[in-house]
Protein chains: 2
Amino acid sequence: VQHAAILSIGSELALGRVIDTNAPWLAARCAALGIRTVRQLTVADDRAPLRTALAHAVVDVDVLLITGGLGPTDDDLTRQALADAAGQPLVDDPASRAQIAAFFARRNRDMPPQNTVQALRPASATPIENTCGTAPGIRMALGSVAVFALPGVPFEMHAMFEREVAPVLAAAARGAVLRSRDLHTYGVPEPEVGARLADLMQRGRNPEVGTSADLGVITVRINAAADTPAAADDLLDAAEAEVRHRLGSAVYGRDGATLAAAVGAALVARGRTLATAESCTGGLIGQLLTETPGSSAYYVGGIVSYANEIKQNLLGVASDVLATHGAVSEPVAAAMARGARAACGADYAVAVTGIAGPGGGTTEKPVGLVCIGLATPNAVDAATYHFGSDPPRHAIRLRAARMALHRVRQALLAVRSES
Amino acid sequence: VQHAAILSIGSELALGRVIDTNAPWLAARCAALGIRTVRQLTVADDRAPLRTALAHAVVDVDVLLITGGLGPTDDDLTRQALADAAGQPLVDDPASRAQIAAFFARRNRDMPPQNTVQALRPASATPIENTCGTAPGIRMALGSVAVFALPGVPFEMHAMFEREVAPVLAAAARGAVLRSRDLHTYGVPEPEVGARLADLMQRGRNPEVGTSADLGVITVRINAAADTPAAADDLLDAAEAEVRHRLGSAVYGRDGATLAAAVGAALVARGRTLATAESCTGGLIGQLLTETPGSSAYYVGGIVSYANEIKQNLLGVASDVLATHGAVSEPVAAAMARGARAACGADYAVAVTGIAGPGGGTTEKPVGLVCIGLATPNAVDAATYHFGSDPPRHAIRLRAARMALHRVRQALLAVRSES
């Protein structure tokens, strides 16, 4: 497999004022073409850091993709940095100059004198035509590394990459293909996932298997290298089957799949509907469920019962239950779920009440305490979770919402599917 | 000015499957502390690229910030890479081990054996306590460079940086200050904002002023450089006052402020409460309102009326109105708002019904068509918006939710505040 590096040039990127979307976009396109990105670099528009970055970028890779620094102003240093790295002078390229002039002519404008520097290129380089803007790209070799310098404006870069770079990379990759797949799990802690997959996660294996964690979701990432897309997919299929065998129903989906969509699929398979009653999550569970197009087939809606009066009036939670146990309690969570199921006419209802913080916690009921109620066609129950008082409000809310969705999915998986 | 480098470790980042938000966050925090980030690097979880990246990262900088690779699994290589770079062995840190064990004890769980590797550190390093997770950070020197290795989970990293790293960096920065402020606006189109601020946005000024747009929100970004924090803040204050003078009530907040929080402040100032009725947004407006701690003071809750039965049974929308005008119509939006205000006992209610796509559109009612109803103490009305059929589902939903909040804020601003 060929290896690539990506270098993004721009002080606004290095200073963190703008998030660079070019590097992840290029890395994903390289992966699809069978080229593995082993490093990304971002540097300010300054000569010294740019020089050292360029020297580092080309170490042990076959391809270097550069974005940015091709504009007409004094802080656009890519042309000079490439010439310096190659030990060559910059030369004027008449064809580039004609293209830049034509770009302005199409807009009925004279070519400003500043733009003439965009027609410069290192002596051994080939310019790449920019069909959407004034900055030509640069194609050259630094030692054995194929270097492509592209504009920083995303749509100009995308067009130039697809037209002029992707075909070259595809040919260079010569059939080598790198494909990735993510399997998302919930309900098994990360160390336990790691233990069950330990042999698959050993270094140097193909496919590679790794894990990452995000607020309760543990994702198993699989990367496979092969000579053809079909062979890479075979490796991914085999690894996915093995991971699913070891983790069972904890695996709820792959790649872009969400826990909410998995709940939806389980509802559809059983011909059932769901309602929600949300206090501390304030509508988040409904929002997650309705992110999935077509969710109206199984999600009927719900009640955001932020005030106790709404818990009483719309969900029928008895005032003495609220008074005796408090709004954040298992009896209230159960009553909310029962009430939402009845009010909305759904088969299942899930309810969340908790303390998302940062204020409102007590010794007895600290921030992070969440009660989740679940009403099914057969029963109503509730359970208490501690998501910790350290995570920020949004993290506690998202953990609570995910746990609520997980509870619904677990209950559905215990019921035979109709299909 | 001190110079910093940022190194993000993770194959999912290098391959472009996940966008790294840690590096821009750290770079922005460094800028606020007066430290200039000259390079960012992202590398895969592989020994050789990690080794060369680490060697390059420390060139000509004073500080290196590392995120990721501190987890308990075999693909977490940061500890070993730092030890190798320093030519030191890894040693077990009893204090870290005790903290990790205590983390699990607080969750009533035994410490899994895999997590013991997280207590290792290079011999000369100092561990940094992680108050939100199991991975301790690492503080050490590589030559003259101060190195801080932080966890990759954003909220753990943020907490550790603010508590243990920012004070050290602030002391090292000694005076040179770069400060930024964002002013968020809604309701004035970006070209109009640009025209009103044209002279402030000229290149090379201090403070620098720029704009960016995100789904209806136009943000005015101000950066000021000065010798002291107080002098930088004076520049920011003057620029903010001028921008507010030119844009008036379109400015709803600064920096981390949200439109939902601005609605909350306007409600509190008038002693009023709000309810919601959501169809195509599915709970998003409630979620946005309840992101703000203390929102229970003004947001009572609402009804997610995804199914028409819920519009009828819980919001009292008449079946003939639904049949005559369709669920996505101004009469239904108005009836939803009226129903939510009554059912929830609130002073104001806002309702959204629309077609978020990608399916469900017709020639007459295309994807992106959204009707927003507003019930106030005095009146009920509704209006229709076209957010376009090209944006993805989540973008249409967010635009609809923001417009709904904007409508509430507009209605409140027309009423005299009690304070």
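In the block above lies the structure referred to throughout.
Criteria and cut-off values
Residues numbered from 1 in each chain as written. Chains lettered and ligands numbered in written order. Predicted model: local features only at pLDDT ≥ 70, side-chain atom pairs only at ≥ 80, totals over all residues. Heavy atoms only, no water. Helix = DSSP H or I, 4+ residues; strand = E, 2+ residues; numbered from the N terminus. Rg over C-alpha atoms; globule rule 2.2 N^0.38 Å. Buried < 20%, exposed > 50% of the residue type's maximum accessible area, 1.4 Å probe, protein only. Contact = heavy atoms within 4.5 Å. Areas by Shrake-Rupley, 256 points an atom, 1.4 Å probe, with all protein chains shown as cover. Lys, Arg positive; Asp, Glu negative; His and termini not counted. Charge placed at Lys NZ, Arg CZ, Asp CG, Glu CD. Pairing = 2+ DSSP bridges. Axes fitted to C-alpha atoms, helices over the stretch in contact; angles between N-to-C directions. Parallel < 35°, antiparallel > 145°, perpendicular 65-115°, else oblique. Left-handed = near helix turned anticlockwise from the far one by under 90°. Nonpolar A, V, L, I, M, F, W, Y, C, P; charged D, E, K, R; others polar. Salt bridge = Lys/Arg side-chain N within 4 Å of Asp/Glu carboxyl O. Buried area = accessible area lost by both parts, 1.4 Å probe. Polar contact = N/O pair within 3.5 Å; in protein donor to acceptor, adjacent residues only side chain to side chain.

Participant: For the overall build of chain A, give the residues involved together with the corresponding values.
Facilitator: Across its full length, chain A carries 14 helices and 17 strands. A compact globule built from 419 residues should have a C-alpha radius of gyration of about 22 Å, whereas chain A, at 28 Å, is more than 25% larger. In terms of overall dimensions, chain A has C-alpha extents of about 85 × 45 × 40 Å along its principal axes. Residues classed as buried in chain A amount to 56% of the 419 residues present. Across chain A, every contact between residues at least 6 apart in sequence was considered, and the portion connecting residues at least 24 apart equals 66%. Just so you have it, chain A exposes about 16000 Å², and 52% of that area is on carbon and sulfur atoms. In chain A, which carries 37 positive and 40 negative side-chain charges, the distance between the mean positions of the two groups comes to 3 Å.

Participant: Kindly report on the pairing of strand 10 (residues 208-214) of chain A, identifying the contributing residues and their values.
Facilitator: Residues and elements named next belong to chain A. Judged from the seven bridges that link them, strand 10 and strand 11 (residues 217-226) form a sheet pairing that is antiparallel. Paired with Glu208 across the two strands is Asn223, which belongs to strand 11. The antiparallel pairing of strand 10 with strand 11 creates a hairpin that spans two residues between the two strands, and Leu215 there sits at a positive phi of about 45°.

Participant: With reference to specific residues and values, describe the packing of helix 9 (residues 259-270) of chain B against helix 14 (residues 393-413) of chain B.
Facilitator: Residue and element names in this part refer to chain B. Contact pair helix 9 / helix 14: the axes reach a minimum separation of 9 Å and the direction vectors enclose 25°. Classified by the interaxial angle, the pair formed by helix 9 and helix 14 is roughly parallel. The handedness of the crossing between helix 9 and helix 14 is left-handed. Contact residues: Leu259, Ala260, Ala262, Val263, Ala266, Leu267 and Arg270 in helix 9; Arg402, Leu405, His406, Val408, Arg409, Leu412 and Leu413 in helix 14. For the contact of helix 9 with helix 14, the per-class residue count stands at 10 nonpolar, one polar and three charged.

Participant: Can you explain the pattern of salt bridges? Please cite residues and give values.
Facilitator: Residues and elements named next belong to chain B. In the structure shown here, the tally under the stated rule is 35 salt bridges over all chains. A salt bridge links Arg246 to Glu242; the shortest N-O distance between them is 2.8 Å. Residue Arg246 and its partner Glu242 are located together in helix 8 (residues 229-247), separated by four residues, close to a single helical turn. The closest approach of N and O atoms between Arg407 and Asp381, which form a salt bridge, is 3.1 Å.

Participant: Tell me about the interface of chain A and chain B, and please be specific about residues and values.
Facilitator: On the side of chain B, 71 residues touch chain A, which itself brings 75 residues to the contact. In this assembly, chain A packs against chain B so that about 5900 Å² is buried in total across both faces, 56% of it on carbon and sulfur atoms. Considering only the side of chain A, the residues that lose the most area to chain B are A:Leu15, A:Arg203 and A:Tyr306, jointly responsible for 11% of the buried surface there. If you look at where chain A meets chain B, you find four salt bridges. The shortest N-O distance in the salt bridge between A:Asp46 and B:Arg36 comes to 3.6 Å. The interface formed by chain A and chain B contains 33 residue pairs in polar contact (both at pLDDT 80 or more). Ranked by residues supplied to the side of chain A that touches chain B, first place goes to strand 2 (residues 35-43) of chain A with eight residues. Residue composition of the side of chain A that touches chain B, by class: 36 nonpolar, 25 polar and 14 charged.

Participant: Could you give an account of the sheet that holds strand 11 (residues 217-226) of chain B, naming the residues involved and the relevant values?
Facilitator: Residue and element names in this part refer to chain B. The four strands lie next to each other as 10-11-9-12, forming an open sheet whose pairing is antiparallel. At either end of the open sheet lies a strand with only one pairing partner, and these are strand 10 (208-214) and strand 12 (251-254). Taken pair by pair, the neighbouring strands of this sheet meet at an average axis angle of 25°, ignoring direction. Taken together, the three bridges between strand 9 (residues 177-186) and strand 12 define a ladder with antiparallel strand orientation. Across the sheet, residue Thr185 finds its bridge partner in strand 12, namely Val251.

Participant: I'd like a rundown of the environment of A:Leu77, residues and numbers included.
Facilitator: All names here are of chain A. In this structure, Leu77 sits in the loop between strand 3 (63-67) and helix 4 (78-86). Distance in space between the C-alpha atoms of Leu77 and Arg47 is 7.2 Å, their sequence separation being 30 residues. Contact partners of Leu77, with chain neighbours within four places excluded, come to Asp45, Asp46, Arg47, Leu50 and Gly69.

Participant: How would you summarise helix 2 (residues 22-32) of chain A if you had to cite specific residues and measurements?
Facilitator: Among all positions of helix 2 of chain A, only A:Asn22, A:Ala23, A:Pro24, A:Leu26, A:Ala27, A:Cys30 and A:Ala31 are buried. In the segment just after helix 2 of chain A, A:Gly34 is the residue with positive phi, at about 90°.

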